[in-house]
Amino acid sequence: MRIRVLGSAAGGGVPQWNCGCTNCALARAGGGEVAPRTQDSLAVAGVGRGWLLVNASPDVLRQIEGFDGLWPTTRRGTSIAAIVLTNGDMDHVAGLLSLRESQPLRILCTPRVRSGLVEHNALLRTLARTPDQVTWIDLVPGREQRLDDVGLAVTAVPVPGKLPVHLAGVIAPSHEDNVALRVRSLGSPSRTAVLATAVGALEGAAALADGADALFFDGTFFSADELVAQGLGSALARDMAHVPVGGAEGSLAFLKGLDAGRKVYTHINNTNPMLRQGSPERAAVVGAGWEVAFDGMEVAL
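These remarks concern the structure in this document. (Residues numbered from 1 in each chain as written. Predicted model: local features only at pLDDT ≥ 70, side-chain atom pairs only at ≥ 80, totals over all residues. Heavy atoms only, no water.)

1. Focus: the overall build of the protein
- Secondary structure summary: the protein contains eight helices and 14 strands in total.
- For 301 residues, the compact-globule estimate of 2.2 N^0.38 gives 19 Å, and the protein sits close to it at 18 Å.
- Taking the principal axes of its C-alpha atoms as reference, the protein extends roughly 50 × 45 × 40 Å.
- The contacts in the protein between residues at least 6 apart in sequence include a share of 68% that link residues at least 24 apart.
- A total accessible area of about 12,900 Å² is found for the protein, and carbon and sulfur atoms account for 52% of it.
- Of note, the protein has its 26 positive side-chain charges centred 5 Å away from the centre of its 29 negative side-chain charges. (Helix = DSSP H or I, 4+ residues; strand = E, 2+ residues; numbered from the N terminus. Rg over C-alpha atoms; globule rule 2.2 N^0.38 Å. Contact = heavy atoms within 4.5 Å. Areas by Shrake-Rupley, 256 points an atom, 1.4 Å probe, with all protein chains shown as cover. Lys, Arg positive; Asp, Glu negative; His and termini not counted. Charge placed at Lys NZ, Arg CZ, Asp CG, Glu CD.)

2. With respect to the sheet that holds strand β14 (residues 298–300)
- Judged by pairing direction, the sheet is mixed, and its seven strands sit side by side in the order β6-β5-β4-β3-β2-β1-β14 without closing on themselves. The open sheet has two edge strands, β6 (134–138) and β14, and neither has a second partner. Recorded for the sheet is a direction-independent mean angle of 20° between the axes of neighbouring strands.
- Across three bridges, strand β1 (residues 2–7) lies against β14 in antiparallel orientation. Along β14, the bridge assignment pairs Ile3 with Val299.
- Packing of helix α4 (residues 111–120) onto the sheet brings it into contact with β5 (105–109) and β6, and relative to β6 it is tilted by some 145°. (Pairing = 2+ DSSP bridges. Axes fitted to C-alpha atoms, helices over the stretch in contact; angles between N-to-C directions.)

3. Description of unusual backbone geometry
- The peptide bond linking Val14 to Pro15 adopts the cis configuration, its omega dihedral lying at -5°.
- Looking at the secondary structure, you find Pro15 in the loop between β1 and α1 (22–29).
- In this structure, the amide linkage connecting Ser188 to the following residue, Pro189, adopts the cis form with an omega of 0°.
- Take Pro189: it is sitting in the loop between β9 (179–185) and β10 (192–196).
- With phi around 75°, Asn55 is a residue other than glycine that occupies positive phi space.

4. Some remarks on α4
- Listed in full, the buried residues belonging to α4 are Arg112, Val113, Gly116 and Leu117. Down the axis of α4, the buried side of the element spans an arc of 135°, and every buried residue falls inside it.
- Among the structural elements, α3 (90–93), β5 and β6 are those in contact with the buried residues of α4. (Buried < 20%, exposed > 50% of the residue type's maximum accessible area, 1.4 Å probe, protein only. Arc of directions from axis to C-beta.)

5. A short note on the side chain of Asp91
- Secondary-structure assignment places Asp91 in helix α3.
- With no salt bridge to any partner, buried Asp91 finds its closest opposite charge in Lys162, at an N-O distance of 8.0 Å.
- Within polar-contact distance, the side chain of Asp91 engages the backbone nitrogen of Gly11 at 3.5 Å.
- Every residue in contact with Asp91, bar those within four places of it in the chain, is listed here: Ala10, Gly11, Gln39, Asp40, Ala56, Ser57, Pro58 and His267. (Salt bridge = Lys/Arg side-chain N within 4 Å of Asp/Glu carboxyl O. Polar contact = N/O pair within 3.5 Å; in protein donor to acceptor, adjacent residues only side chain to side chain.)

6. Description of the pairing of β5
- Of all five residues that make up β5, four are buried, and the element is covered over most of its length.
- Pairing analysis gives two bridges linking strand β4 (residues 80–84) to β5, with the strands arranged parallel. Considered in β5, the bridge of Val84 is made with Leu108.
- As paired elements, β5 and β6 share five bridges and run parallel to each other. Opposite Ile107, over in β6, you have Trp136 as the bridge partner.

7. Details of the environment of Ala27
- Here Ala27 shows up in helix α1.
- A sequence separation of 185 residues divides Ala27 from Ala212, and the C-alpha atoms of the two residues are 33 Å apart.
- Those residues in contact with Ala27, other than ones at most four positions away along the chain, are Val14, Pro15, Val34 and Pro36.

Written out as structure tokens, the structure reads:
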């Protein structure tokens, strides 16, 4: 299995267009202390052909052009064999609208996420120019879905989250609104990666990730009051359905001793101090055996 980090930032990227925080200023200035990042997306390859795209971020076209593994190999086509969505948030689905050039797409998501996209978003009709342009595959939580042509199998595992902003108050919340993914390679020996980039509570997180060869985990905020402390908002991390990395109740402490191979924090908000090279927060993460994702990072299992 091969995992490519296409985008390692939370919604808005780094720098965020309307933010002048310390990290964004450093990213704009260059110098390497804070590397610019695009919005959350991964690409996974197994023993088959093509790549599984995990979330279609608003930066998807730039991410495709920045990685030759996703370039077309024919006069008209794509090396993206399928797309899997972990939730219906705009920063995970808006990129679908950029993949509309009459290209057949295979999209995996929970029935709930599909309903939110198809029934409540008229813009997605742009992906239905022909009756067979999009093939939707339901990810039923707990049931493995094989993609034999890619050489991967995907299992959705519900994790605490929230409704996308545009659906809040429109439909009732469901356990299918936000999922982590267990991705298993079909080759021998088989490898497993757990992709859990939006996690609102830590209960069950250790069991989800235990024994995985690689774990990509929610690194959105380092502290629970990060936005408040920096004068950039009033919401706490958990209000936004993200557990913080640091602190006594953060994921770094909760997952200490986890039996997993590579452990990577991704989906990192522009305000997170662990983005800065040499920061105490970065040192704490690295010292605990974790890595901080960056655009272009690759993990081979």
